[in-house]
Amino acid sequence: MFLLIFNTNYTILLFHFFQEFPKQYVRNKLLELYFMPLKNLHYHNDFPYFFKSDACESCGGKCCRGGQGYVWLNLYEVENMAEARGLSAEAFARQYVRQSRGRLSLQERLINGEYFCCLFDSIACCCTMYENRPKQCRIFPFWEKFKKDTDNILSTCPGVSAL
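Residues numbered from 1 in each chain as written. Predicted model: local features only at pLDDT ≥ 70, side-chain atom pairs only at ≥ 80, totals over all residues. Heavy atoms only, no water.

### Things to note about the overall build of the protein chain
- Summing up its helical and strand segments, the protein chain has seven helices and 13 strands in all.
- Relative to its full complement of 163 residues, the protein chain shows a buried share of 27%.
- Accessible surface for the protein chain amounts to roughly 11,500 Å². Of this, 55% is attributable to carbon and sulfur atoms. (Helix = DSSP H or I, 4+ residues; strand = E, 2+ residues; numbered from the N terminus. Buried < 20%, exposed > 50% of the residue type's maximum accessible area, 1.4 Å probe, protein only. Areas by Shrake-Rupley, 256 points an atom, 1.4 Å probe, with all protein chains shown as cover.)

What follows is the structure in structure tokens.
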């Protein structure tokens, strides 16, 4: 079986899939190639927008700075981040966590009149705890408050686009 695929430069790439490959394998490989550019595209059913996570690399961390706010944590997240930093949970909490409204939240740092998450590196413009960040950060921008305030998230986050 032969398959012709046209790429953006209009050159023809010829893929030869041997007859011994199962049809399901060939189908899955074709779907994988077709959807490869969409790997960083995120969508949740109830939200009127989608999120392109590639934009995070160029936005300067708008979701991690600005006005005061809260990044709510649970004890498991504190322990996980502490372990990633090589600290005990108690030492991590003393340095990075505050209590507010009876809950735990990451601290903020005030730099030049702007609030930054305490885990945000304002020089490199990235999260220093990205791989172990809390759930609230992981699910951004799919927060319940943005369902009704779509204009706010569309104007704030360069990775968010309306459907």
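### Regarding the layout of surface pockets
- Computed from the structure, the largest pocket encloses a volume of approximately 1,200 Å³.
- Residue classes in the lining of the largest pocket are distributed as 27 nonpolar, 12 polar and seven charged. (1 Å grid on protein atoms, 1.4 Å probe; cavity = no way out; pocket = protein on both sides within 12 Å on 5 of 7 lines; lining within 4 Å. Points joined across faces, edges and corners; volume = space filled by probe spheres on them. Nonpolar A, V, L, I, M, F, W, Y, C, P; charged D, E, K, R; others polar.)

### A few points about the nonpolar core
- Counting residues in hydrophobic clusters, the biggest one holds 16 residues, and the most contacted among them are L73, V78, M81, F92, V97, L106 and L119.
- The set of elements that each furnish at least two residues to this core consists of α3 (75-85), α4 (89-96), β8 (103-106) and β10 (114-117).
- Element by element, the count of residues in this core is highest for α3, at three residues.
- Sequence-distant contacts of V97, that is, excluding residues within four places in its chain, are made with L73, V78, F92, L104, S105 and Q107.
- F140, F142, C157 and V160 belong to the second-largest nonpolar core, a separate cluster that totals nine residues. (Core = buried A, V, L, I, M, F, W, Y, C linked by side-chain atoms within 4.5 Å. Contact = heavy atoms within 4.5 Å.)

### Points about the sheet that holds strand β13 (residues 160-162)
- Read across the sheet, three strands follow the order β3-β4-β13 without closing on themselves; strand pairing throughout is antiparallel. Pairing within the sheet leaves two strands with one partner each, and these edge strands are β3 (41-43) and β13. Strand-to-strand twist in this sheet, taken as the mean axis angle between neighbours without regard to direction, amounts to 30 degrees.
- In the sheet, strand β4 (residues 49-52) pairs with β13 via three bridges, with the strands oriented antiparallel. Bridge pairing links F51 to V160 in β13. (Pairing = 2+ DSSP bridges. Axes fitted to C-alpha atoms, helices over the stretch in contact; angles between N-to-C directions.)

### Some thoughts on the packing of aromatic side chains
- Under the criterion given, the structure shown has nine aromatic pairs.
- A centroid spacing of 4.7 Å and a plane angle of 10 degrees characterise the contact between Y70 and W72, whose relative ring orientation is stacked.
- Site record: aromatic cluster; members linked through ring pairs are F47, Y49 and F142.
- Taking NZ or CZ as reference, R103 lies 4.1 Å from the ring centre of W72, over its face.
- The ring of F47 is capped by K147, whose NZ or CZ atom sits 5.0 Å from the centre of that ring. (Phe/Tyr/Trp six-rings, centres within 6.5 Å; stacked < 30°, edge-to-face > 60°. Lys NZ or Arg CZ within 6 Å of the ring centre and 35° of its normal.)

### Quick word on the side chain of T150
- Locating T150 in the fold gives a position in helix α7 (residues 150-156).
- The contacts of T150, once residues within four sequence positions are left out, are P48 and Y49.

### Topic: the sheet that holds β8
- Strand order in this open sheet of three strands is β6-β8-β7, and the pairing throughout is antiparallel. The sheet is open, and its two borders are formed by β6 (72-73) and β7 (97-100), each paired with just one other strand.
- Across the face of the sheet, α4 comes into contact with β7 and β8 while running at roughly 70 degrees to β7.

### Here we look at the pairing of β4
- By the alternation rule, side chains of β4 split into Y49 and F51, which are all buried, and F50 and K52, of which none is buried.
- Where β3 lies against β4, three bridges are found, and the strand directions are antiparallel. Of the residues in β4, the one forming a bridge with L41 is K52.
- Where β3 hands over to β4, the hairpin turn is made up of five residues, counted between the paired strands.

Function cannot be read off these values alone, since they describe shape.
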